[in-house]
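So you can see what is in the structure, the chains are spelled out below.
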Amino acid sequence: VPEKELPRFPRRERRESASHETRHVRAGDVVTKGLLPGVLAGLVGGLISGAALSRIGALPATASLVRADSPMVDFIIHIVIAALLGGGFGVLVWHQRSGAGETLFWGLTYGAMWWFAGPLTLMPLLLAGFLAWDVHSAQEAFASLLGHLLYGAGTGLALAAIRRERHAQSGG
């Protein structure tokens, strides 16, 4: 049986252009342009999702992580976690020059990823010693998915607004 020859694609020549230049990243830029705006945006996303989840009675019992049983402690921990995750989001997207639509998309994606990582992975693992990676657990956590998507949307849009304001202030 004769062997078939695989198609050959022409090699792309590597061009040196302004878009491929090596950029030096300063830690101060990451903090001032990524981390801090992300923390602020995460606070906005956390307030939006926290208010929505508490309104429908679905705010997660995160107080159990610190051995407390209080709705106020739940909300405070929710906001602290939201700010920390927002800082991570800000650092992840700080160098992208994307508009509100793209930042909204990345925020929704980030929220969905944290829904999987938080209520389906970390919370059950830390509190009960198992992973909740089954259909029933995901169905039970549907309200949490909506909250995480609200968080991601709020965080993404808030970050886009913060960036736009900073850009306007810098005269760019």
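None of the values given here were measured: they were computed from a predicted structure.

Participant: Before we move on, can you summarise the overall build of the protein chain with the specific residues and values?
Facilitator: A tally of regular secondary structure across the protein chain gives 5 helices and 0 strands. In the protein chain, the order of α-helices and β-strands from amino to carboxyl end is α-α-α-α-α. Of all 172 residues assigned to the protein chain, the portion counted as buried reaches 33%. By element, 64% of the accessible surface of the protein chain is carried by carbon and sulfur atoms, the whole surface being about 11,900 Å².

Participant: Explain the pattern of salt bridges to me, using residue names and the numbers behind them.
Facilitator: Scanning the entire structure with this criterion turns up 1 salt bridge. Salt-bridge contacts for Asp-29 lead to Arg-26; the nearest nitrogen and oxygen are separated by 3.1 Å. For Arg-26, a relative accessible area of 56% translates into the label exposed.

Participant: If you had to explain helix H1 (residues 27–55) to someone new, which residues and values would you point to?
Facilitator: Here H1 contains 29 residues, and its C-alpha end-to-end distance of 40 Å stays within 8% of the 42 Å for a straight helix at 1.5 Å per residue. For H1, the principal kink sits at Leu-35 and spans about 25 degrees; a proline, Pro-37, occurs within the next four residues. On its buried face, H1 is in contact with helix H2 (71–93) and helix H5 (142–169). Positive backbone phi, approximately 75 degrees, marks Gly-57, located one or two places after H1.

Participant: Go over the environment of Ala-41, please, and point to the residues and values.
Facilitator: One can find Ala-41 in helix H1. Looking at Ala-41, the relative accessible area reads 0%, which means it is buried. Distance from Ala-41 to Gly-90, taken between C-alpha atoms, is 8.1 Å for residues 49 residues apart in sequence. Not counting residues within four places of it along the chain, the set of residues in contact with Ala-41 comprises Gly-154, Thr-155, Ala-158, Leu-159 and Ile-162.

Participant: Could you give me a rundown of the nonpolar core, with the residues and numbers involved?
Facilitator: Counting 9 residues, the largest nonpolar core is built from Ala-41, Ala-82, Leu-85, Phe-89, Val-93, Tyr-110, Tyr-151, Ala-158 and Leu-159. When contributions to this core are tallied by element, the ones reaching two or more residues are H2 and H5. Take this core: its biggest share by element is 4 residues, from H2.

Participant: Describe in detail the confidence of the model for the protein chain, supporting the description with residues and values.
Facilitator: Predicted confidence across the protein chain gives a mean pLDDT of 87, with 87% of residues reaching 70 or more. Across residues 17–21, where pLDDT falls below 50, the model places 1 contact with residues more than four positions away in sequence or in other chains.

Participant: A description of H2 should follow, citing residues and the corresponding values.
Facilitator: Along its 23 residues, H2 runs 32 Å from first to last C-alpha, staying within 8% of the 33 Å computed at 1.5 Å per residue. Among the residues of H2, Asp-74, Ile-77, His-78, Ile-79, Ala-82, Ala-83, Leu-85, Gly-86, Gly-87, Phe-89, Gly-90 and Val-93 are the ones counted as buried. Buried positions along H2 lie against H1, helix H3 (100–128) and H5. Where H2 begins, the side chain of Ser-70 points an oxygen toward the backbone nitrogen of Met-72, at a separation of 3.2 Å.

Participant: Go over the side chain of Ser-49 with me, naming the residues and quoting the values.
Facilitator: Along the chain, Ser-49 turns up in helix H1. A polar side-chain atom of Ser-49 sits 3.4 Å from the main-chain carbonyl oxygen of Gly-46. Dropping the residues within four chain positions of it, Ser-49 is found in contact with His-78, Gly-147, Leu-150 and Tyr-151.

Quick notes on the rules
- Residues numbered from 1 in each chain as written.
- Predicted model: local features only at pLDDT ≥ 70, side-chain atom pairs only at ≥ 80, totals over all residues.
- Heavy atoms only, no water.
- Helix = DSSP H or I, 4+ residues; strand = E, 2+ residues; numbered from the N terminus.
- Buried < 20%, exposed > 50% of the residue type's maximum accessible area, 1.4 Å probe, protein only.
- Areas by Shrake-Rupley, 256 points an atom, 1.4 Å probe, with all protein chains shown as cover.
- Salt bridge = Lys/Arg side-chain N within 4 Å of Asp/Glu carboxyl O.
- Expected span 1.5 Å × (residues − 1).
- Bend = angle between axes of the 7 residues up to and from the residue.
- Contact = heavy atoms within 4.5 Å.
- Core = buried A, V, L, I, M, F, W, Y, C linked by side-chain atoms within 4.5 Å.
- pLDDT = per-residue confidence, 0-100.
- Polar contact = N/O pair within 3.5 Å; in protein donor to acceptor, adjacent residues only side chain to side chain.

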